[in-house]
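Working through the structure, step by step
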Amino acid sequence: MAFKYDICFLTNFTSLLFLTVSFGNSLSLHRDGECIQDGCKCIFPNNKFIDISQKVPLTRIDIKGENNSAIIFHPCQNFIFGNKAEGNECFDGASICLLNTTNNNTKILGKAGTGVFSSLDSVSPIKVTYSSKLSSTETTLSLLCKSNLPETVEASKIEEKYNLVWSTSSNAACPLLLPGMETSLSTGSVLVIMLLFFSLLYFGGGMLALKFLRGAEGHEMIPNYDFWVDLPYLVRDGVLFALGGFNTPTSYDRI
């Protein structure tokens, strides 16, 4: 019977450690709060950043649902398109350019360095919003971090708003630690270290105290041994109580 209880105790403790590590790792993958914009960089409070100023090929994207329109896109660099002519705004330089594929007229949707970064929360895609002074159009660039997948850029239009979705595994969408901060610990690492430290202090100190002060032997040296063994059953009762609408079941004793 004692061996059975020991296995139960080890299982409970291992499960607790696993849950803490998983939760900590999930936190370390997320961003921490709103970022501070620095040109084409966005720096987060946890010393991570994204940078859309990387050099990528000039990209032309057909707009979904539009037969004669396309967007020419470079994340953080103004480019000159075509020749100087009436109706070709992008000859003056643009980072996001709307192209009429029928007559080659262009419209500036955004210039490099004018985009404003924003994010709803720590896990939602980071968005960069561009507004054109020459028109009432607004363009939103959503940055999706996709590991081990081909890089893609998709474009769509809703009323007078254009939406670009850039899926990439690069630092343009996937936050990295700032240079020189590689040795700093993530939130997940701190949680795991704290759990291990306090577990060692609790169990190690408790075992020594019970052994030398009370003469405990074997599993009796484990602090609050009965609680740890009963923990799965307490959790089960709590779940059943919650699923039952927090109503205490009627028993013969109450009647």
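Thresholds applied
Every chain is numbered on its own, with residues counted from 1 as its sequence reads. Selection of residues for local features in this predicted model requires a pLDDT of at least 70, selection of side-chain atom pairs for listing and counting requires 80 or more, and totals for whole chains, interfaces and linings are taken over all residues. Derived side-chain values reflect all non-hydrogen atoms in the structure, with water molecules and hydrogen atoms excluded from consideration. Two strands pair if DSSP finds at least two bridges between them. Helix and strand labels come from DSSP, where a helix needs a run of H or I of at least four residues and a strand needs a run of E of at least two; each type is numbered from the N terminus. An axis is simply a line fitted to the C-alpha atoms; with a helix, the fit covers only the stretch in contact. Between two such axes, the angle follows the N-to-C directions and lies from 0 to 180 degrees. UniProt positions are given in the numbering used here, feature names are shortened, and annotations may be inferred rather than shown by experiment. The buried label applies to any residue whose accessible area, calculated with a 1.4 Å probe on protein chains only, is under 20% of its type's maximum; exposed applies above 50%, and partly exposed to all values in between. Pairing of aromatic side chains here covers Phe, Tyr and the six-membered ring of Trp, requires ring centres within 6.5 Å, and sorts the geometry by plane angle: under 30 degrees stacked, over 60 edge-to-face, intermediate tilted.

With respect to the sheet that holds strand β10 (residues 138-145)
The five strands lie next to each other as β8-β9-β10-β12-β11, forming an open sheet whose pairing is mixed. Every other strand in the sheet has two partners, leaving β8 (116-118) and β11 (152-158) as the edge strands with one partner each. On average, each strand axis in the sheet is tilted by 20 degrees relative to the strand beside it, whichever way the strands run. In terms of strand pairing, β10 meets strand β12 (residues 161-168) through eight bridges, oriented parallel.

Section: the UniProt feature "transmembrane region" (unreviewed entry) in the chain
As annotated in UniProt, the feature "transmembrane region" (unreviewed entry) corresponds to residues 190-213 in the numbering used here. Taken as a whole, residues 190-213 contains 100% helix and 0% strand, while its terminal C-alpha atoms sit 33 Å from one another.

As for the sheet that holds strand β13 (residues 176-177)
Across a sheet, strands are paired by hydrogen bonds formed along the backbone, either parallel or antiparallel in direction. With antiparallel pairing, the four strands of this open sheet are ordered in space as β1-β2-β3-β13. Each of the sheet's edge strands pairs with one partner strand only, and the pair in question is β1 (36-38) and β13. As defined by bridge partners, strand β2 (residues 41-43) adjoins strand β3 (residues 48-51) across three bridges and the pair is classed as antiparallel. In the sheet register, Cys 42 faces β3, and the bridge partner there is Ile 50.

Quick notes on the environment of Glu 86
Among the secondary structure elements, Glu 86 is positioned in the loop between β5 (69-73) and β6 (96-100). By relative accessible area, which is 81% here, Glu 86 ends up exposed. Considering only alpha carbons, one finds Glu 86 and Asn 105, 19 residues apart in sequence, at a separation of 8.1 Å.

Some points on the packing of aromatic side chains
A full pass over the atoms with the stated rule returns six aromatic pairs. Between Phe 197 and Phe 198 the ring centres are 5.2 Å apart and the planes differ by 75 degrees, which places this aromatic pair in the edge-to-face class. Ring pairs connect the aromatic residues Tyr 202, Phe 203, Phe 227 and Trp 228, which therefore count as one cluster.

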